[in-house]
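# Working through the structure, step by step
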Amino acid sequence: MKMNNSNSSKRWTKYREEMCSAFPSAFSDDRDSLSKSIAKAIEHLNKLRPCDGGPAYLGQNPALTIDFDKVKEIEMADTMSSSEQVIAQTSELFEGLPNWGHPLTMCNVIPQANTASIIAAIMSEIFSPNILEGEYAWNVHRAELESGGMLANLVGWEAKHAGCIYTYGGSGCWTYHVKYALTRVLPDSRYSGVRTDAKVLCSQQAHYTMLNSTDWMGLGMNNIIRIKTDPDTNVMDLQDLEAVLTSLQASNIPVASVVCTMGTTDANAVDPVAGVRKLLDRYPNASPYGKALLYCDAVTSWSWLAFRKYDFAKNPLQFSEALLPFIEANYRALEAMKYADAIGFDFHKAGFTPYASSCFLYRNADEFENLLKRPGSAYLQPRSPYNPLDYTLEVSRAATGALAGWATLKYFGYEGFQAIMGGILENQYYLRNLLHENASTVCVNPDDYSLVTLFRVYPEGVMAHQQYQRELSDPACKDQLLANNKLTMDVGNKLYEWYRGGNKVNGKYTPYMSFSTGFRVTEYNRDASDPEAMVFALKIYPMNVHLTHEIMQHAVDCVIAARNEVLGVK
Ligand SMILES: *Cc1c(COP(=O)(O)O)cnc(C)c1O
């Protein structure tokens, strides 16, 4: 259609003309501005990357520059801006952000995303498939359907009967599980609301997102029952679970679900799924209540499952012999997830994928999808057999997470996951040897080889190992425990201050680490009745593929330097 000539000089048409170059072209022609704009954006972002050996944040200014009192006193401009300007302004927002790809970044289970997954996510933003239903997703739906298949096979479920939904986080997965459980156990709840205090059982170590999920699903946070954990291993105590199930059954209170946490962020506690399954079968809900759900919160740890195909005797990827039992143990701990009804996976944790790419996987797609089915919409017609909008929490769903997760599975394959996860342990092995050789440091999670090394640093001359044993077991040493907890926290804060301040130790920038103010209780405080008798620890997560042994050594040197500064020792 030709534009009306009488319009062409009007102001609004000028804006429209400008917009034509600020929207991607529909056609493959050289009028397209998108690839140039992307190149420009990457150029801006690249300027934020430090040069080799630079600090672990982006840009030049590590300070937080938001004026929180005034930040909201802003209005849209009266006139139009340009894409170039907005792209430049957007890149400015990244100034000072932690650089997750930096080898000195080791603060949490926050990995740098792999390139294939970043590009897959960007592609999703360019053509906006909407994975709510077939018509708007078309073949992009393969990303979600094939992720479900690949993950089900990874768990050991029959892939063709399983299904998955990409959603907004590990907390989204938790929330999906609560909904699934309530719908199964309280069949009227979808229409009449949740009118029965069904219980969600999870361990004392379960993630705090249990509060979000039970609150937002209308069950109520008071309907969570915390099952005791073993003070040494942090694992759910099956005896306590049985006692709780017995008493609930005696009072005819239904269990909505039992949640097994498969790897907590700090302690890597993995709950005994097979034992939980047995107990759930032994203590079923009485009629009219449905069968309780067994959910595994595996969001941090799931990638160890890739070792299901590893030949530990032949060790084809040639991991250090000393690490093989730990790798195998990490995998074996997850193997029993095959007994679960549903599992949560975060690709943005040990999946090396951008946010938000969490995947809620269920074993029985027929059951889940029919239980939660709603009548379709008048304005959407089913154009494909796959229309998740009929049962998802969300309506429109970006394909970003599904494409990013799928791309990651396609990129790594079994061996890629084995190499990246095993490599984390190789760096940790080196780090732990350094901590062992240094008399004033002690690793406090030596039996646990997952993604984190927790350790304490003591004043020069203190034999850290012995001192820690005393603090852990002897109530008479509580003063020393508290003093050294404080030292741990001060060193952790000093290291954060150095990282943010762009300080250097031995001529090099310092690591971005973190610390825990209570990763476990002391042995004489097993019931956690004393809130003070907790063990603080410094934390290192060597997630980064760019990490080297030299950087592990530097991290330990920086911890010692920070301790000396805190204690005023030269
Ligand atoms: C991180 C985490 C969550 C929450 O996941 P988000 O992706 O941050 O929403 C839940 N459970 C466990 C065990 C976690 O580590």
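Scoring rules and cut-offs
- Residues numbered from 1 in each chain as written.
- Predicted model: local features only at pLDDT ≥ 70, side-chain atom pairs only at ≥ 80, totals over all residues.
- Heavy atoms only, no water.
- UniProt positions renumbered as here; feature names shortened; annotations may be inferred.
- Pairing = 2+ DSSP bridges.
- Helix = DSSP H or I, 4+ residues; strand = E, 2+ residues; numbered from the N terminus.
- Axes fitted to C-alpha atoms, helices over the stretch in contact; angles between N-to-C directions.
- Contact = heavy atoms within 4.5 Å.
- Near = heavy atom within 4 Å.
- Polar contact = N/O pair within 3.5 Å; in protein donor to acceptor, adjacent residues only side chain to side chain.
- Areas by Shrake-Rupley, 256 points an atom, 1.4 Å probe, with all protein chains shown as cover.
- Nonpolar A, V, L, I, M, F, W, Y, C, P; charged D, E, K, R; others polar.
- Salt bridge = Lys/Arg side-chain N within 4 Å of Asp/Glu carboxyl O.
- Buried < 20%, exposed > 50% of the residue type's maximum accessible area, 1.4 Å probe, protein only.
- Phe/Tyr/Trp six-rings, centres within 6.5 Å; stacked < 30°, edge-to-face > 60°.
- Lys NZ or Arg CZ within 6 Å of the ring centre and 35° of its normal.
- Patch = residues over 30% accessible without salt bridge, like charges linked within 9 Å, V, L, I, M, F, W, Y side chains within 5 Å.
- Arc of directions from axis to C-beta.
- Expected span 1.5 Å × (residues − 1).

Going by what an unreviewed UniProt entry lists, the chain is known as Glutamate decarboxylase and related PLP-dependent protein and is assigned to Enterobacter lignolyticus. In its Sequence similarities (unreviewed entry) section, the UniProt entry covering the chain states "Belongs to the group II decarboxylase family."

### Considering the sheet that holds strand β4 (residues 255–261)
Spatial strand order, β1-β7-β6-β5-β4-β2-β3: seven strands in an open sheet with mixed pairing. Taken across any chain shown, the strands that pair with only one partner, and hence form the sheet edges, are β1 (163–167) and β3 (224–227). Averaged over all neighbouring strand pairs, the angle between strand axes comes to 20 degrees, with direction disregarded. In terms of strand pairing, strand β6 (residues 342–346) meets strand β7 (residues 358–362) through five bridges, oriented antiparallel. Note on β7: the bridge partner recorded for Phe 345 is Cys 359. Packed on one face of the sheet, helix α6 (residues 141–155) meets β1, β6 and β7 and runs near 115 degrees to β1.

### Examining the site of the ligand
Around the ligand, a shell composed of Gly 169, Gly 170, Ser 171, His 207, Thr 209, Gly 263, Asp 297, Val 299, Thr 300, Asp 346, His 348 and Lys 349 is seen. In the model, a nitrogen atom of the ligand is placed 2.6 Å from a nitrogen or oxygen of the Asp 297 side chain. Within the contact set of the ligand, an oxygen atom lies 3.1 Å away from a side-chain nitrogen or oxygen of Lys 349. Across the complex, the protein chains shield 85% of the 380 Å² of accessible surface that the ligand would expose by itself. Partitioned by chemical class, the residues of the shell around the ligand number one nonpolar, eight polar and three charged.

### Some remarks on the sheet that holds strand β9 (residues 453–457)
Pairing is antiparallel in the open sheet, where four strands are placed in the order β8-β9-β13-β12. Only two strands of the sheet have a single partner each, and these edge strands are β8 (441–443) and β12 (514–521). Put simply, the sheet's adjacent strands are angled 45 degrees from each other on average, direction ignored. Bridge count for β8 against β9 is three bridges, and the pairing is antiparallel. Across the sheet, the residue bridging to Thr 441 is Val 457, located in β9.

### Some points on the pattern of salt bridges
This structure, assessed with the given rule, holds 24 salt bridges. One salt bridge in this structure joins Glu 144 and Arg 397, with 2.8 Å as the shortest N-O distance. Taken together, the residues span a long stretch of sequence, with Glu 144 in helix α6 and Arg 397 in the loop between α13 (365–371) and α14 (400–437) at a distance of 253 residues. Given the relative accessible area of 1%, Glu 144 is considered buried. Connected through salt bridges with shared partners, the residues Arg 184, Arg 277, Asp 281, Asp 341, Arg 363 and Glu 367 form a single ionic network.

### Observations concerning the side chain of His 554
Inspection of the secondary structure puts His 554 in helix α17 (residues 549–567). By relative accessible area, which is 4% here, His 554 ends up buried. A distance of 2.7 Å separates the side chain of His 554 from the backbone oxygen of Tyr 509, its partner in a polar contact. If we skip the residues at most four places from it in the chain, His 554 touches Leu 104, Val 505, Lys 508, Tyr 509 and Thr 510.

### A look at the side chain of His 177
The topology assignment puts His 177 in helix α7 (residues 170–185). Within the structure, the side chain of His 177 is placed 2.9 Å from the backbone oxygen of Trp 174, a separation counted as a polar contact. Sequence-distant contacts of His 177, that is, excluding residues within four places in its chain, are made with Ser 257, Val 259, Leu 293, Tyr 295 and Phe 360.

### Focus: the packing of aromatic side chains
This model, assessed by the stated rule, comprises 28 aromatic pairs. Considering the side-chain rings of Trp 174 and Tyr 295, the 6.5 Å spacing of their centres and the 70 degrees angle between planes classify their relative orientation as edge-to-face. Placement of the pair is Trp 174 in helix α7 and Tyr 295 in strand β5 (residues 293–297), with a sequence separation of 121 residues. Its relative accessible area of 0% is what places Trp 174 among the buried residues. Look at Tyr 295 and you get buried, because its relative accessible area is 0%. Each residue in the set Tyr 166, Trp 302, Phe 345, Phe 347, Phe 352, Tyr 411, Phe 412 and Phe 417 is aromatic and connected to the rest through ring pairs, giving one cluster. Sitting over the face of the ring of Tyr 414, Lys 309 holds its NZ or CZ atom 4.3 Å from the ring centroid.

### Here's the deal with a nonpolar patch on the surface
A cluster of nonpolar residues, Ile 38, Ile 42, Ile 118, Ile 119, Ile 122, Met 123, Ile 126 and Phe 127, forms a patch on the protein surface that exposes about 700 Å² of accessible area. Counting residues per element, the ones that place at least two in the nonpolar patch are α2 (34–48) and α4 (115–127). In terms of residue count, α4 provides more of the nonpolar patch than any other element does, six residues in total. With relative accessibility at 32%, the residue Ile 38 sits in the partly exposed group.

### A word on the pairing of β1
The buried fraction of β1 amounts to five of the five residues, a majority that puts the element mostly inside the structure. Neither face of β1 is exposed, since Gly 163, Ile 165 and Thr 167 on one face and Cys 164 and Tyr 166 on the opposite face are all buried. Looking at chain direction, β1 and β7 are connected through five bridges and run antiparallel. Note on β7: the bridge partner recorded for Thr 167 is Ser 358.

### Description of helix α15 (residues 464–473)
Where α15 is concerned, the buried positions are Ala 464, Gln 467, Tyr 468, Glu 471 and Leu 472. Along α15, the residues classed as buried sweep out an arc of 135 degrees about the axis, all on the same side. Buried residues along α15 sit against β8, β9, α16 (478–501), β12 and β13 (534–540).

### Digging into unusual backbone geometry
At the junction of Ser 287 and Pro 288, the peptide bond is cis and its omega measures out at 15 degrees in the coordinates. The backbone of Asn 315 shows a phi angle near 50 degrees, a positive value even though the residue is not glycine. Of the residues examined, Asn 315 reaches a relative accessible area of 6% and is grouped as buried. The residue Phe 352 is not glycine, and still its phi comes out positive at about 60 degrees. The residue Phe 352 is located in the loop between β6 and β7 in this model. Assessed through its relative accessible area of 3%, Phe 352 is described here as buried.

### Section: α17
End to end, α17 covers 27 Å across 19 residues, agreeing with the expected 27 Å (1.5 Å per residue, within 8%). All buried positions along α17 are accounted for by Ile 551, Met 552, His 554, Ala 555, Val 556, Cys 558, Val 559, Ile 560, Ala 562, Arg 563 and Asn 564. Where α17 terminates, the next one or two residues include Gly 568, which has phi positive at roughly 70 degrees.

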